[in-house]
Every structure is written in structure tokens, then in C-alpha cells.
Amino acid sequence: MSALPDVAPGLRGMPAGLPRLVPVDRKLFPDGLRTSGQHPPVEGQLCAFEDFPLEIAGPTVWTPQEMIDHPELWIHLWTESELEELLHAVDSFIASGTPLISINKNNFCMPKFEPQLQKIRDDILNGRGFIVFRGLPIEQWGRYKAAVATMGISAHFGYLLSQNKLGLILGHVTNQGADYHNSLDKIKISATNAPQFYHTDETDIVGLLFCAPGETGGASGCASAHTVWNALIKERPDVAKTLSSNIWYVDRKGETTDGQEPWFRNPVFMVEPGGKERVYVKWDPYFVKSLSRFSDKGLIPPLSSEQLEAMKVLEETCQRFGLVYDCEVGDIQFVSCCQTFHARTGFTDPAPPKPPRYLLRTWIGTPEQEGGWALPFHDSFHPKRGGIQVDNTPPAADPLTTQGGTE
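Conventions adopted
Residues numbered from 1 in each chain as written. Predicted model: local features only at pLDDT ≥ 70, side-chain atom pairs only at ≥ 80, totals over all residues. Heavy atoms only, no water. 1 Å grid on protein atoms, 1.4 Å probe; cavity = no way out; pocket = protein on both sides within 12 Å on 5 of 7 lines; lining within 4 Å. Points joined across faces, edges and corners; volume = space filled by probe spheres on them. Helix = DSSP H or I, 4+ residues; strand = E, 2+ residues; numbered from the N terminus. Nonpolar A, V, L, I, M, F, W, Y, C, P; charged D, E, K, R; others polar. Phe/Tyr/Trp six-rings, centres within 6.5 Å; stacked < 30°, edge-to-face > 60°. Buried < 20%, exposed > 50% of the residue type's maximum accessible area, 1.4 Å probe, protein only. Lys NZ or Arg CZ within 6 Å of the ring centre and 35° of its normal. Pairing = 2+ DSSP bridges. UniProt positions renumbered as here; feature names shortened; annotations may be inferred. Contact = heavy atoms within 4.5 Å. Patch = residues over 30% accessible without salt bridge, like charges linked within 9 Å, V, L, I, M, F, W, Y side chains within 5 Å. Areas by Shrake-Rupley, 256 points an atom, 1.4 Å probe, with all protein chains shown as cover. Salt bridge = Lys/Arg side-chain N within 4 Å of Asp/Glu carboxyl O. Axes fitted to C-alpha atoms, helices over the stretch in contact; angles between N-to-C directions. Parallel < 35°, antiparallel > 145°, perpendicular 65-115°, else oblique. Left-handed = near helix turned anticlockwise from the far one by under 90°.

What is the right way to read empty space enclosed by the protein from this model?
Rolled over the atoms, a probe sized like a water molecule indicates the empty space that remains. One pass over the structure, following the stated rule, counts 5 cavities of 30 Å³ or more. Of the volumes computed, that of the largest cavity is approximately 450 Å³. Lining the largest cavity are 32 residues, with Gln-196, His-199, Asp-201, Asp-284 and Arg-361 positioned closest to its centre. Those elements giving two or more residues to the lining of the largest cavity turn out to be strand 5 (196-199), strand 6 (205-212), strand 8 (220-224), helix 8 (286-289), strand 15 (340-344) and strand 17 (358-365). Looking at the lining of the largest cavity residue by residue, the classes come out as 13 nonpolar, 11 polar and 8 charged. Computed from the structure, the second largest cavity encloses a volume of approximately 190 Å³.

Here's what the structure looks like:
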């Protein structure tokens, strides 16, 4: 059997700072695939600002009012027959004794719903960029079965990725009391109750299962990056140019493999190389703000006044064109991180004995040869492209034990 391609053909030079990785150990990675991890782009494949489109049209461009007027476009209400098939797939998978880390579309079978799932996948990747599945009876099924359902659906969209140095392919999003004010370089905002500004994750698609609500706050937000780009080009082309320049350093927050620098650099907006040449986005302000420990030492440039202004304008524009909505317990939300920003308002947890606000998260890789975006990265063809991989940390998944997100 031929090896799966790790590197897209025809690259004009590999980026510096790639990790030194030994061959995949199938005892650690049963499917023979290791998450590729975070990498800088291939500079020869980056597009100059002058070559970006002046206006984007099509299904990826939408306004919040359009979504408010047509909730049926982005909320999928489970039917009784769909839930029956989903529960059968969950029970069959659990009964098989297969480890959670090995879940895939072949051992989590939904033959009747599969055609609809592929249409939804196409809409997430190439259209509006997000969907909410509503009506999963998580109180009846329990968190474990609901998590298996979420991972199974995710596996039909792509490959489950490691999300942190622990190798978690099922992440926990809840307030762990981390001190982000003084330890932003060591923690992730998903482990706090602070607001998450509009951002993308280190993946192609992010999935979120809503297990328990907060007492107040915690609303979700989505914004079309293409609607935002159109507004920036029209109103602040200087900001659009700054955001499309390869000057943005991103913090790895200590999650590094041998051979990697503690940061990498990429533009916020990039153009998909070849073919469709769509505008791709990669951004999280919390991973840019946390780099002062390196810029203070002169190891990387500090944020310029132009960059600070661009960050402010970008967030304001996302808020202006963002759809903000409350999710219900049992909702499963999927968002494309290629052309869609997502956010969360700050929240407070209810007092005990009520459970704290709790979500479970999947990161999903969609390689170029399987209908994913063509990206200006050397791993565009790798099945488990993106994510966070530290050394040979094997994949792990435990729906019932909180971990990850803090040092």
C-alpha cells in the first residue's frame, strides 16, 4: 500500500522551522496517521495584497439578518428517524469495544443519513460555513453517548485532530479557573469564562457539543470572513493590506515539537493557491497578544501601531457582521475555520449543585484531495492537517474527565 502524501506536490521551497518527526508508530497511532500540527505557510505560495479579490460573491457571503430571517438554513432539527439511526450507530460502536480514538466513518455507520451529511459537509466547507444540529436528547442519552455521536458525525466530515500537547481529539471547553490576565502565554481562553473574540481554530472544521449552559452569557457568534473582507476592502483597505501581510507572529504557548520555534508567522488573510483561489482566514488575537515575552527580548518584532489598529478594526467589523445566538443543551455546532470567524461572549457559571457551563469539542481535518480547501501550507494534502501535535503524543479521548487548556 502506498504511503499517504504528507506534502503537496510542486511546492516552491519548504518553510523553515518544520519539526523533526520520526516515522509514525502504529502502536501509538493505530490508523497510521499523526496530526500534522501548526506550521508556517510556504512563502512562495502567499499572495500579494494587490492580487487579492476586491470583492467576494457567492454562498460564503452572508449577513446576520439573512440568517435571522432564515434559521432553517443553519439549524438542522433532528427527525425521529435520524435520531434512531444515530443512536443505533452510537450503541453499535460502543458495543464493538473499539477505542474512541479509532472512531471513523467506516465503524460509525449511518447509511441513510450519510448522503445528507455529505451535503451538509459541502455547505460547511464551500458555503455558509456553519450549522447547528438541534434536538439531541443529551439528558436521556447521557454525556458519553452524546460525545460518541458528536465524534462519529465529525468523522464523516473528516479526520479527528489532536487539539493540544495531551493529544486530545476530544477537547473540554469549560471554566477551569485559569488566570488568563497574568498567564495568557500558558493557558487557553477556552479554559476560562472570558469572552472569546472572533477567531478561527487550528483546524478546518471545529465541532462543539453543548452539554450544560452557563447561568448568564456564553452566546455563540459566527461571521462570514468574506463579508468582513468585502467591508474592509471598501472601508479600510489599509487594514486589509496589513492583515494580508506576512507579519503576524502566533504563539505556540509552549506546545512545541523538537525543531520548532516557540512561534510561527503567517498573514491573517491568505489566498487559496491554484484553482478556486478563495480568501482563507487564520486568526486568534489571544495567540498574538501573548507574545510580549519574546518581543520584549527583541526575538520578534513587537506589534506595530498599524497592527494594533488592524486588530481593533477587524474585531469591530466581525461584531458588526456577526450573528450572535444562544445554543441549547444538546446542540452540536460545526464551523468552518477556512472562511468563518466564530466567537463566544463571557459567561458566569451557575451555583452548585448545577453543573458548570460545559462543551465538548472536535477538530476536523479535511485534506485537499478529499474536497478540502487548497492551503498555502506544506501539509495541504495530509489527512490530519493542522491541529496541535507535540512529539509523538498519541491521541486520547475521554468525554467525562476535564483536562487540557491550562499548563
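Can you walk me through the packing of aromatic side chains in this structure?
For any two aromatic rings, the description comes down to two numbers: the centre-to-centre distance and the angle of the planes. By the definition in use, this model includes 18 aromatic pairs. Aromatic pair Trp-74 and Phe-130: ring centres 5.6 Å apart, planes at 40°, arrangement tilted. Taken together, the positions of Trp-74 in the loop between helix 1 (64-69) and strand 1 (75-77) and Phe-130 in strand 2 (residues 130-134) put the pair 56 residues apart, joining distant regions of the chain. Residue Trp-74 shares its accessibility class with Phe-130, and that shared class is buried. Counting every residue linked through ring pairs, the aromatic cluster contains Phe-49, Phe-52, Trp-229, Phe-269 and Phe-341. In this arrangement the basic side chain of Arg-34 is found over the ring face of Phe-29, its NZ or CZ atom lying 5.9 Å from the centre. The residue whose ring lies beneath Lys-289 is Tyr-286, and the NZ or CZ to ring-centre distance is 5.5 Å.

Got a minute to help me understand the pairing of strand 15 in this structure?
A regular strand carries its side chains on alternate faces of the sheet. Extensive coverage of strand 15 is indicated by the burial of 5 of its 5 residues. Residues Thr-340, His-342 and Arg-344 line one face of strand 15 and the alternating positions Phe-341 and Ala-343 line the opposite face, and both faces are buried. Where strand 8 lies against strand 15, 5 bridges are found, and the strand directions are antiparallel. Counterpart to Gly-221 in the pairing with strand 15 is Ala-343.

I'm lost on the UniProt feature "domain: TauD/TfdA-like" (unreviewed entry) in the protein chain in this one. Help?
The positions that UniProt labels "domain: TauD/TfdA-like" (unreviewed entry) are, in the present scheme, residues 110-363. The straight-line gap between the two end C-alpha atoms of residues 110-363 is 21 Å; of that span, 29% is helix and 26% is strand.

So what exactly am I meant to see when it comes to the pairing of strand 8 here?
Among the 5 residues of strand 8, 5 are classified as buried, and the element is accordingly described as predominantly covered. Burial of the side chains of strand 8 extends over both faces: Ser-220, Cys-222 and Ser-224 are buried on one face and Gly-221 and Ala-223 on the other. Relative to strand 13 (residues 322-325), strand 8 runs antiparallel, the two being bridged by 4 bridges. Pairing of Gly-221 across the sheet is with Val-324, part of strand 13.

In this structure, what is going on with the environment of Pro-64? I would like to understand it.
Along the chain, the position of Pro-64 falls in helix 1. Sequence separation of Pro-64 and Ile-189 is 125 residues, and the distance between their C-alpha atoms is 25 Å. With residues near it in sequence (within four places) discarded, Pro-64 still touches Arg-320, Phe-321, Gly-322 and Leu-323.

What exactly am I supposed to notice about a nonpolar patch on the surface here?
A surface patch of nonpolar side chains, about 270 Å² in accessible area, is lined by Ile-94, Tyr-144 and Leu-400. Looking at where Ile-94 falls in the secondary structure, it is placed in helix 2 (residues 80-96).

Help me understand the packing of helix 6 (residues 225-235) against helix 10 (residues 305-320) in this model?
Helix-helix packing is characterised by the crossing angle of the two axes and by the distance between the axes. At a closest axis distance of 10 Å, the pairing of helix 6 and helix 10 adopts a crossing angle of 125°. The angle between the axes of helix 6 and helix 10 places the two elements in the oblique class. As helix 6 packs across helix 10, the resulting crossing turns out to be right-handed. Facing Val-228, Ala-231, Leu-232 and Glu-235 of helix 6, the residues of helix 10 in contact are Val-313, Leu-314, Thr-317, Cys-318 and Arg-320. Of the residues contributing to the contact of helix 6 with helix 10, the split by class is 6 nonpolar, 1 polar and 2 charged.

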